[in-house]
Amino acid sequence: MTYVFDFGAIAPYVPLFLKGIAITVELTVIGGVLGVGVGIACAWARSLGPRWLRPPVALYVELIRNTPFLIQLFFIFFGLPSLGISLGEMQAAILAMVINLGAYGCEIIRAGIEATPKGQFEAGASLAMTRLQTFFHVVLMPALQRIWPALSSQIVIVMFGSAVCSQIAVEDITFAANFIQSRTFRAFEVYIIATVLYLVLALILRQGMRSLAGLLFPRRRATR
Amino acid sequence: MLFHRRSIALGGLGLAVAAVMGLAPVDARADGLADILKAGVIKVAVPQDFPPFGSVGPDLKPVGYDIDVANLIAAKLGVKAELVPVASSNRIPYLQTKKADLVISSLGKNPDREKVIDFTVAYAPFFNGAFGPADVKVTKPEDLAGMTVGVTRGANEDMELSKIAPATADIKRYEDNNSTISAFLSGQVKVIVTGNVTAAAILARNPPRKPEVKFLIKDSPCYIGLNKDEPKLLEKVNAILTAAKADGSLNAISQKWLGAPLPAGL
């Protein structure tokens, strides 16, 4: 049971890990921002949008929430080219992450919106706010504040989901780890490094989300 | 430690047996070829777990490239082929213990094996190479510059490709063979680097993008193995193979199982 660690064997591959971190961060940031955007739009559509829009959005949300991410990714990357839509691995990965986070984000944000007391809509209307103003100031921002911890966790989960994208040759942290493992056979060391990298990134991401909440909801800090 | 000591003891016993066998005088048996002709049966060791060279068919009988070659040789000798299914690890022991007269089991030649058995001329192509559709113009590794190339991560061909590919080649490394195949078929990569057996498996599905061989990376054709000191059998099998190459019957087997003609140099 004595294992001799040899991190030296991995030293030549450090640039690959650095590139992996950059790709994972890129995927998470772009996927997170666009995904939350899709989530807000879908949450609006499902709870306050026109009636005809609700069934298709519900279909999208349930379709994504009830199928594995890997299958969604393979469908986009390997399946869509049959229809003439050929996306590179980065585009495919980002699209899959946006679609995925959009569906989960929709349900999280919708929970926040539906917790808005009806009187607040009426209050918005009586202050002569337009529907859009009411939605943004009275409904959306308090809703986001309510569900911010859940949304933060979902974005962290999406970042971990990006590990799956290594399957289509996206060169993220997991790809770097698998690649280095296949060249050095130092599986233990390689996956320790990958674990630490993901852990640190997740902690940074959570802290970032907390700081962002401070910026977005300055006057509501007391309720947090 | 107990296990250790036991295995050392066993090893010692094995060495002793080998030494006795080595010292035993060569028996007076005439030659393998005469025995085979007299018995009317040739025992051929074939794979059963390595398609398309050998696998178990729907009727539970072995089928494949190696089985067809075994039957071809038996027919030319005018005897019946008795197929002996073997695993790749025990191909040579089957031969050495006379449980098989020939090993036709996608056997590659290397110096270690040449010390213990003899080889005929090559009978089947086996190589890693770059494959792509007809409209992709690639003839050498340098031509991969700026091209997307798919390969299975960590496989032998990945190691070779990483050495010879130009720096601007965009190598996409996939998790397993199936992903590499899918990436090629869906057009995500222009060229794949893989074994001719994998390419044959793709061709067997008759896809719109047909992988044609562009250049070889590592060539290790298959040979028929037989025991040493069987010059007559060796000569006869070589003659049969040479004739089969000339009259196109071996080429037909290659077309049938690998979906490609025999390479010119084989």
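The rules behind these values
As a convention, each chain's residues are numbered from 1 in the sequence order in which they are written. Numbering of ligands from 1 and lettering of chains from A proceed in the order in which they are written. Note on the predicted model: pLDDT of at least 70 is required for a residue's local features to be given, and 80 or more for side-chain atom pairs to be given and counted; whole-chain, interface and lining totals, by contrast, use all residues. Segments assigned H or I by DSSP are reported as helices when at least four residues long, segments assigned E as strands when at least two residues long, and all are numbered from the N terminus. The burial label depends on the number of other C-beta atoms within 10 Å of a residue's C-beta. Counts of 20 or more mean buried, 12 or fewer mean exposed, and intermediate counts mean partly exposed, with C-beta atoms placed from the backbone. Residues are treated as contacting if the C-beta atoms built from their backbones sit within 7 Å of each other. In this analysis, the expected span of each helix is defined as 1.5 Å times one less than the number of residues it contains. The nonpolar core criterion groups buried Ala, Val, Leu, Ile, Met, Phe, Trp, Tyr and Cys residues into a set whenever they are joined through C-beta atoms within 7 Å. Pairing between two strands requires that DSSP report at least two bridges joining them. Only C-alpha atoms enter the line fits that serve as axes; for helices the fit covers just the stretch in contact. Angles between N-to-C directions range over 0 to 180 degrees. Any angle that is under 35 degrees is reported as roughly parallel, and any over 145 degrees as roughly antiparallel; angles of 65 to 115 degrees are reported as roughly perpendicular and all others as oblique. Each crossing is labelled by how the near helix is turned from the far one, with a counterclockwise turn of less than a right angle marking it left-handed and a clockwise turn marking it right-handed. In the scheme used here, Gly and all other residues not listed as nonpolar or charged are polar, with Ala, Val, Leu, Ile, Met, Phe, Trp, Tyr, Cys and Pro taken as nonpolar and Asp, Glu, Lys and Arg as charged. A residue's pLDDT is the predictor's confidence in that residue, given on a scale from 0 to 100.

For the rest of this paragraph, the subject is the overall build of chain A. A count of helical and extended segments in chain A gives eight helices and zero strands. The order of α-helices and β-strands along chain A, N terminus first, is α-α-α-α-α-α-α-α. For the C-alpha atoms alone, the extent of chain A along its principal axes is close to 70 × 50 × 30 Å. When each of the 224 residues of chain A is scored for burial, the buried share is 35%.

Looking now at the interface of chain B and chain A. If you look at the interface, chain B gives 11 residues, while chain A gives 10 residues. Contributions of two or more residues to the side of chain B that touches chain A are made by β10 (170–174) and α7 (177–185) of chain B. Looking at the side of chain B that touches chain A element by element, the count peaks at three residues for β10 of chain B.

Before going further, it helps to spend a moment on helix α8 (residues 187–216) of chain A. Given a rise of 1.5 Å per residue, 30 residues ought to cover 44 Å, and the 42 Å separating the end C-alpha atoms of α8 of chain A matches this to within 8%. Residues Val190, Ile193, Ala194 and Tyr198 of chain A constitute the buried set of α8 of chain A.

Attention now goes to the nonpolar core. Membership of the largest hydrophobic core comes to 70 residues, with the highest contact counts inside it found for Leu73, Ala93, Met97, Ile109 and Ile168 of chain A. Here the element with the most residues in this core is helix α4 (residues 89–114) of chain A; it accounts for 14 residues. Those residues in contact with alanine 93 of chain A that sit more than four places away from it in its chain are Leu27, Leu73, Ser162, Cys165, Ile168 and Val170 of chain A. Formed by 43 residues, the second largest nonpolar core is a distinct cluster that contains Ala45, Ala100, Ala122 and Leu241 of chain B.

This next bit is on the environment of phenylalanine 50 of chain B. Residue and element names in this part refer to chain B. Mapped onto the secondary structure, phenylalanine 50 falls in strand β2 (residues 49–50). In this structure phenylalanine 50 comes out as partly exposed when scored by C-beta crowding, with 17 C-beta atoms within 10 Å. When the C-alpha positions of phenylalanine 50 and valine 86 are compared, they lie 10 Å apart, and in sequence the two are 36 residues distant. With near-sequence residues (within four places) excluded, phenylalanine 50 lies in contact with Ser55 and Ser106.

The next point concerns helix α7 (residues 173–184) of chain A. Given a rise of 1.5 Å per residue, 12 residues ought to cover 16 Å, and the 16 Å separating the end C-alpha atoms of α7 of chain A matches this to within 8%. A large share of α7 of chain A lies buried, amounting to nine of its 12 residues. Those residues of α7 of chain A not exposed but buried are Ile173, Thr174, Phe175, Ala176, Ala177, Asn178, Phe179, Ile180 and Gln181 of chain A. Buried residues along α7 of chain A sit in contact with α1 (14–47) and α8 of chain A together with β10 of chain B. Of the residues flanking the end of α7 of chain A, it is phenylalanine 185 of chain A, one or two places downstream, whose phi is positive at about 60°.

Residues and elements named next belong to chain B. Strands sit in the order β2-β3-β4 across an open sheet of three strands; the sheet is antiparallel. Taken across any chain shown, the strands that pair with only one partner, and hence form the sheet edges, are β2 and β4 (62–63). Sheet topology note: the β2/strand β3 (residues 54–56) ladder contains two bridges and is antiparallel. The residue of β3 that forms the bridge with phenylalanine 50 is glycine 54.

As for its placement among the helices and strands, proline 12 of chain A is situated in the segment before α1. Note: C-alpha distance between proline 12 of chain A and serine 86 of chain A (74 residues apart in sequence) is 34 Å.

With that settled, consider the pairing of strand β13 (residues 222–227) of chain B. Residue and element names in this part refer to chain B. In terms of residue burial, β13 counts as a mostly covered element, since five of its six residues are buried. By the bridge criterion, four bridges tie strand β6 (residues 102–108) to β13 in an arrangement that is antiparallel. Counterpart to leucine 102 in the pairing with β13 is leucine 226. Two elements, strand β7 (residues 117–124) and β13, share five bridges in a ladder whose sense is antiparallel. Residue pairing for β13: aspartate 118 is matched across the bridge by leucine 226.

Attention now goes to the sheet that holds β6 of chain B. Residues and elements named next belong to chain B. What the five strands build is an open sheet, ordered β5-β1-β6-β13-β7; its pairing is mixed. Only two strands of the sheet have a single partner each, and these edge strands are β5 (80–86) and β7. Taking each pair of neighbouring strands and ignoring which way they run, the sheet shows an average axis angle of 30°.

Before going further, it helps to examine the packing of helix α3 (residues 65–77) of chain B against helix α10 (residues 249–258) of chain B. Residues and elements named next belong to chain B. Two numbers describe how α3 lies on α10: the axes approach to 9 Å, and their chain directions differ by 160°. Classified by the angle their axes make, α3 and α10 are roughly antiparallel. α10 is crossed by α3, and the crossing has right-handed handedness. Together, Tyr65, Asp68, Val69 and Leu72 of α3 and Ser249, Ile253, Trp257 and Leu258 of α10 make up the contact between the two elements. A per-class count over the contact of α3 with α10 returns six nonpolar, one polar and one charged.

Now for unusual backbone geometry. Residues and elements named next belong to chain B. Looking along the chain, the bond that leaves proline 51 and enters proline 52 is cis, with omega of 5°. With respect to the helices and strands, proline 52 occurs in the loop between β2 and β3. The backbone of leucine 60 sits at a positive phi, close to 65°, despite the residue not being glycine. Here leucine 60 shows up in the loop between β3 and β4.

The subject of this paragraph is the confidence of the model for chain B. All names here are of chain B. Predicted confidence across chain B gives a mean pLDDT of 86, with 89% of residues reaching 70 or more. When pLDDT is averaged over each element of chain B, α3 comes out on top at 95 and helix α1 (residues 2–23) at the bottom at 51. Considering only residues more than four positions removed or in separate chains, one finds that residues 20–28, a stretch of pLDDT under 50, has zero contacts. Reported for the predicted complex are a pTM of 0.73 and an ipTM of 0.71.

The next thing to look at is the environment of alanine 202 of chain A. All names here are of chain A. Along the polypeptide, alanine 202 turns up in helix α8. When the C-alpha atoms of alanine 202 and arginine 54 are compared, they prove to be 34 Å apart, with 148 residues separating the residues in sequence. Leaving out residues up to four positions away in the same chain, alanine 202 has contacts with Val156 and Met159.

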